[in-house]
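The primary structure of each chain is shown beneath.
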Amino acid sequence: MQDFKYYAPTEIVFGKDAENKCGEYAKKYGSRAMLVYGKESVIKSGLLKRVETSLKEAGVEYCLFGGARPNPTVSHAEEGVKKAVEFGADIIIGVGGGSAIDTAKAIAHGAANPDADIWDIWTRKFPLSRSLPIGAVLTMPAAGSEMSDSAVLTNETIGKKAGINTDFNRCRFAVINPSLGATLPRYQLAAGVTDIMMHTMDRYFIPDISAEITDEIAEGLLRTVIKNGLIVLDDQNNYDAMCEIFWASSLSHNNLTECGRGKDFSVHKLGHALSARYGVTHGASLAAVWGAWAKELYEDCLPRFSRYARKVWGVTAKDDKAAAEIGIQATMEYFKKIGMPTYFKKIGMPTSLSELGIEPTEEEIHALAMDATMNDTAKLTRIRPIGAHEAERIYRAAK
């Protein structure tokens, strides 16, 4: 087992009507809050109004900043920074899914450092040494941003997507009411289930390290998501199953499943390049490339892939290679199964670029590979170093 530091300071408020406690927890950290949210769904559902009422009852003044979008952008976060500074916000609260929460994180960093360019913070040209407190009211199980130390932004000017990991990204509190999942679009819920699985799998396929208890946690989480993902996609009013998915979202990305093993976010980097260039849903981009990534690398990591097949999918094949191949196929079939068929007509969650609606040229494949590997300066995966050439091969195989 590798040495590790585990830090998960977020206070979780979990259960029905939990959003009504937002003001109580926000008051611990500030008196002037900015509520960051996406489109009109949180308004139409009444959620935003309930959060506002909670803040008023706690004596917390607030301002509103809407418009957070999937694959949140630098320019929108910059607008939020200006408003937060003008209002004198001392706490930023994301109300929504990962996009709203990541936008809130960016605004918190920018408002605490108003002379810094947000993209310079994201590319580490500006060393982050302070930020405002961040809270979250979660509406969608997916990104895990409510408990993670990471946040992702897209610089639409240059077509690049990047993440930053820092303890300043840790939410002070997160309010989680799984009942809110009942009104999510089914396709977004399926993409969220995919993202939850990927957050765990991007920490799982690392060879030659013994971390038995971490493996058991990861495998249990994956089995739980696989089982309950099917249940909630069939019946979004199944509260108990939705609870499992929401809690798995938080646990999958709060670093618990990397303790003693570390992480390898190569699939996420491949997916980020796709969503930055084509604006596709994050979870769908991951499903589209995972199979090609796995087939490129599984023979170099047979013990991990065969264990995954047996422990997560119940594969009984004795031969490791055969077991690994069955496990990869089972994963891809699950992604197809959980997607919303009417979205992609005859298929579910995409397992190829063409199913994602993308037919990249060779020139575009090269550009994607360069984006994913930072112009061939970063090697992906801890299984076997992958540069731009190998990334091109994965994208090509994913077509």
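Residues numbered from 1 in each chain as written. Predicted model: local features only at pLDDT ≥ 70, side-chain atom pairs only at ≥ 80, totals over all residues. Heavy atoms only, no water.

Caption draft 1: Seen up close, the sheet that holds strand 2 (residues 32–37). Strand order in the open sheet formed by six strands is 1-8-5-4-2-3, with parallel pairing between adjacent strands. Lying at the two open borders of the sheet, with one neighbouring strand each, are strand 1 (11–14) and strand 3 (61–65). The mean inter-strand angle of the sheet, taken between neighbouring strand axes irrespective of direction, is 20°. Direction of pairing for strand 2 relative to strand 3: parallel, over a ladder of five bridges. For M34, the partnering residue across the bridge sits in strand 3 and is C63. Here helix 5 (residues 98–112) sits on the sheet and contacts strand 2, strand 3, strand 4 (91–96) and strand 5 (134–138); the angle it forms with strand 4, its principal contact strand, is near 165°. On top of the sheet, helix 9 (residues 239–252) reaches strand 1, strand 5 and strand 8 (173–176); it is set at about 170° to strand 1, its chief contact. (Pairing = 2+ DSSP bridges. Helix = DSSP H or I, 4+ residues; strand = E, 2+ residues; numbered from the N terminus. Axes fitted to C-alpha atoms, helices over the stretch in contact; angles between N-to-C directions. Contact = heavy atoms within 4.5 Å.)

Caption draft 2: Summary view of the packing of aromatic side chains. Here the structure, examined in full by the defined rule, presents 15 aromatic pairs. Consider the rings of W290 and W293, whose centres lie 6.3 Å apart with planes at 40°: the pair is tilted. Of this pair, W290 and W293 both sit in helix 11 (residues 282–297), three residues apart, which is roughly one turn of the helix. For W293, a relative accessible area of 2% puts it in the buried group. Its end group placed over the ring of F87, R32 keeps NZ or CZ at 4.1 Å from the ring centre. Taking the ring centre of F265 as reference, the NZ or CZ of K263 above it sits at 5.7 Å. (Phe/Tyr/Trp six-rings, centres within 6.5 Å; stacked < 30°, edge-to-face > 60°. Buried < 20%, exposed > 50% of the residue type's maximum accessible area, 1.4 Å probe, protein only. Lys NZ or Arg CZ within 6 Å of the ring centre and 35° of its normal.)

Caption draft 3: Structural context of the pattern of salt bridges. Overall, the coordinates contain 23 salt bridges when judged by the stated rule. Measuring nitrogen to oxygen at the nearest pair gives 3.0 Å for the salt bridge that ties R32 to E61. Here E61 lies in strand 3 and R32 lies in strand 2, a separation of 29 residues in the sequence. For R32, a relative accessible area of 26% puts it in the partly exposed group. (Salt bridge = Lys/Arg side-chain N within 4 Å of Asp/Glu carboxyl O.)

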